[in-house]
Amino acid sequence: MTATDSAQRVFRPAELGTLVVVAWSGKHPDDDTDMPFLLAYPLGDGTAGHEGATEAALALLADTKLPVGGTLLDGTQTSTLPLTLLVEAGSAALTMPPNLNAQCEVPPEWFAAAKQRGYAYFIFATRPWPQAVPGQEITEEALAAFVGDTEMLTSSAHVLLPVRSLR
């Protein structure tokens, strides 16, 4: 089997399937204040299953020029970031080209941390997480296990994403 070159991948939304976004906050080890985290992940329920969802996520990230592999992109230092985060009235709305939108409710402590910092730490996981379906609670242990998995982290895009709000 040969590896697919990222330049040859084509993003197919039907293969990505359901994209879920969850928010949480936690103490940042560098400054001991809350960091707002935002995680986007496919469920793996697309037309090509788990492998197809991973390939579609990788194609989407390649198209938007978001680095995969644990390298942190500081979106607060660029004006050409291909995604936006709008936070308003207890929810976060994420927009990525091509016309990909997702939103989630955010807890008050996440909102306060995002307002204080002016950005959120965004992780776009290419690995599906079918156990974390919308409408069902994600336990702290399950979230820590998924987010703490080295393979998941190194196959994801990591971005400090500026927080915008309606004026």
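See the structure printed just above.
Thresholds, definitions, all that
- Residues numbered from 1 in each chain as written.
- Predicted model: local features only at pLDDT ≥ 70, side-chain atom pairs only at ≥ 80, totals over all residues.
- Heavy atoms only, no water.
- Helix = DSSP H or I, 4+ residues; strand = E, 2+ residues; numbered from the N terminus.
- Buried < 20%, exposed > 50% of the residue type's maximum accessible area, 1.4 Å probe, protein only.
- Phe/Tyr/Trp six-rings, centres within 6.5 Å; stacked < 30°, edge-to-face > 60°.
- Contact = heavy atoms within 4.5 Å.

Student: How should I be thinking about unusual backbone geometry in this particular structure?
Tutor: Leave glycine aside and you will find that most residues have negative phi; peptide bonds, for their part, are mostly trans. In this structure, the amide linkage connecting Pro97 to the following residue, Pro98, adopts the cis form with an omega of -5°. Structurally, the position occupied by Pro98 is in the loop between strand 5 (91-96) and strand 6 (100-105). Phi is positive for Lys65, close to 60°, though the residue is something other than glycine. Here Lys65 shows up in the loop between helix 2 (49-63) and strand 3 (72-74). Residues other than glycine seldom take positive phi values, yet Ala89 does so here, at roughly 50°. Residue Ala89 is classed as exposed on the basis of its relative accessible area of 77%.

Student: Before we go on, may I ask you to explain the packing of aromatic side chains in this structure?
Tutor: All told, the structure shown has six aromatic pairs when counted by the stated rule. Note on Trp129 and Phe146: the rings are 4.2 Å apart at their centroids and 0° apart in plane angle, and the pair reads as stacked. Pair noted here: Trp129 is in the loop between strand 7 (119-124) and helix 4 (140-147) and Phe146 is in helix 4, with a separation of 17 residues, a long-range link. Each of the two residues, Trp129 as well as Phe146, counts as buried. Following the ring pairs from residue to residue traces out a cluster consisting of Trp24, Phe37 and Tyr121.

Student: Can you help me understand the environment of Glu109 in this one?
Tutor: Mapping Glu109 onto the fold places it in helix 3 (residues 108-117). The class of Glu109 is partly exposed, set by a relative accessible area of 44%. Here Glu109 is in contact with Ser25 and Asp34, once residues within four sequence places are set aside.

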